[in-house]
Amino acid sequence: MVAMPVRSKRSARELERRIAELERASAAKSRFIAALSHELRTPLNSVIGFAKLLRDGRVGPISGDQRECLEMIALSADHLAELVDDLLDLAQIEAERVTLTPLRIDPAAVVVECVESVRPLAEEHELELLADAPAIAPVLLDPRRLRQVLLNYLSNAIRFAPRGSTVRASLRIERGELVLEVADDGPGVQPRDRARVFEEFVQLDDRPRSGSGLGLAVTKLIVEAQGGAVGVRGVPGAGSVFFARIPVAPAHEPDLDRPRRLPAMSGAAAS
């Protein structure tokens, strides 16, 4: 057995020390984000609640201009709350504090439920919202996380689809995987940006900065934690199809119907 040179031993110890420091810094960042997110949530809920009370005239009559200003306050506060929720999700996943709870579910019913929940938002943007959700056999999946993936995709599509166009959500089973797709007629994603769009805090230069830059990153982490994959395809200028492929088990396997933790995120970008 060949002895390791002293310099190599020092280098190895220095590398281990630096790795430990980075791990501690990453854990501290996650704790800080989680704590900050919780602290921000309480005053934000008050801002949103009172702005909507005033806007709806529940504490006295208001003028049209005042209603318009209050509507902008409520919309901006809702957007900020969305960002806080995304940050909290990201911190929890990094800290391995989020569990998956696979249950026997009908994925088609989840798709229809998600589409109906965002229909008012789609109508505000003058969009037609369609669901292609044929009946399939029940599967074991975490319904909350499935909703989160689909709602992130739907919200993203509604944000960028041009008025008067169509957003379509669909699902199918293909080679043992549940395939979710959300298609829109928006600006599309350039081939060079198709991996970047799922990174944290990324905003594509040719799009309005109306998103948090976290929803798609959280979606990617949730899907990959279940052994799946996400992606986007389409023609730039002619729309996008965002998809998620998640391995599924038949719902008659009861040993899989139990909570399990999401693995820690690797290679997380510093915020």
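A quick note: this is a predicted structure, and the numbers were derived from the prediction, not measured.

What counts, and where the lines are drawn
- Residues numbered from 1 in each chain as written.
- Predicted model: local features only at pLDDT ≥ 70, side-chain atom pairs only at ≥ 80, totals over all residues.
- Heavy atoms only, no water.
- Helix = DSSP H or I, 4+ residues; strand = E, 2+ residues; numbered from the N terminus.
- Buried < 20%, exposed > 50% of the residue type's maximum accessible area, 1.4 Å probe, protein only.
- Contact = heavy atoms within 4.5 Å.
- Areas by Shrake-Rupley, 256 points an atom, 1.4 Å probe, with all protein chains shown as cover.
- Core = buried A, V, L, I, M, F, W, Y, C linked by side-chain atoms within 4.5 Å.
- Pairing = 2+ DSSP bridges.
- Phe/Tyr/Trp six-rings, centres within 6.5 Å; stacked < 30°, edge-to-face > 60°.
- Polar contact = N/O pair within 3.5 Å; in protein donor to acceptor, adjacent residues only side chain to side chain.
- Axes fitted to C-alpha atoms, helices over the stretch in contact; angles between N-to-C directions.
- pLDDT = per-residue confidence, 0-100.

**Things to note about the overall build of the protein chain**
Now for step 1: The number of helices and strands found in the protein chain is five helices and ten strands.
Now for step 2: Here the protein chain holds 271 residues, and the buried ones make up 39% of them.
Now for step 3: Here the contacts in the protein chain between residues at least 6 apart in sequence split such that 74% fall between residues at least 24 apart.
Now for step 4: Of the roughly 15200 Å² that the protein chain leaves accessible, carbon and sulfur atoms contribute 56%.

**Topic: the nonpolar core**
Now for step 1: Core analysis: the biggest nonpolar cluster contains 38 residues, and L146, Y153, L154, V167, V182, F198 and F242 have the highest contact counts within it.
Now for step 2: Among the secondary structure elements, those contributing two or more residues to this core are α3 (107-124), β4 (139-141), α4 (143-160), β5 (166-174), β6 (177-184), α5 (215-225), β7 (229-233) and β8 (240-247).
Now for step 3: In this view, L154 contacts C114, V115, V118, L129, V167, A169 and V182; residues no more than four positions away in its chain are not counted.
Now for step 4: L44, A77, A81 and V84 belong to the second largest nonpolar core, which has five residues in total.

**Topic: the sheet that holds β4**
Whenever strands of a sheet pair, they do so through backbone hydrogen bonds, lying parallel or antiparallel.
Now for step 1: What the three strands build is an open sheet, ordered β2-β4-β9; its pairing is antiparallel. Edge positions in the sheet fall to β2 (103-105) and β9 (249-250), since each of these pairs with one other strand and no more.
Now for step 2: Sheet analysis places β2 next to β4, joined by three bridges and oriented antiparallel. The partner of L103 across the bridge, within β4, is L141.

**Focus: the packing of aromatic side chains**
Now for step 1: Tallied over the entire structure, the rule returns two aromatic pairs.
Now for step 2: Ring centres of Y153 and F242 lie 5.7 Å apart, and the angle between their planes is 45°; this geometry places the pair in the tilted category. Placement of Y153 in helix α4 and of F242 in strand β8 is noted, with a sequence separation of 89 residues between them.
Now for step 3: Assessed through its relative accessible area of 1%, Y153 is described here as buried.

**With respect to the side chain of R245**
Now for step 1: Considering the arrangement of structural elements, one finds R245 in strand β8.
Now for step 2: Polar side-chain contacts of R245 include one of 2.6 Å to the side chain of E174.
Now for step 3: A distance of 2.8 Å separates the side chain of R245 from the side chain of E177, its partner in a polar contact.
Now for step 4: Look past the residues within four positions of R245 in its chain and what remains in contact with it is R172, E174, R175, E177, L178, V179, V223, G228 and A229.

**Some thoughts on the sheet that holds β6**
Now for step 1: The strand order across the open sheet formed by five strands is β3-β5-β6-β8-β7, and the pairing between neighbours is mixed. Two strands bound the open sheet, and with one partner strand each, they are β3 (128-132) and β7. Within the sheet, the average angular offset between the axes of one strand and its neighbour, ignoring direction, is 15°.
Now for step 2: Bridge count between β7 and β8: five bridges; the pairing is antiparallel. What sits directly across from V230, in β8, is A244.

**Some words on the confidence of the model for the protein chain**
Now for step 1: In this model, the protein chain carries a mean pLDDT of 79, and residues with pLDDT of at least 70 account for 75%.
Now for step 2: By mean pLDDT, the top-scoring element of the protein chain is β6 (96), and the lowest-scoring one is strand β10 (residues 260-261) (50).
Now for step 3: Low confidence marks residues 253-260, where pLDDT is under 50. Its contacts with residues over four positions away, or in another chain, come to 17 contacts.

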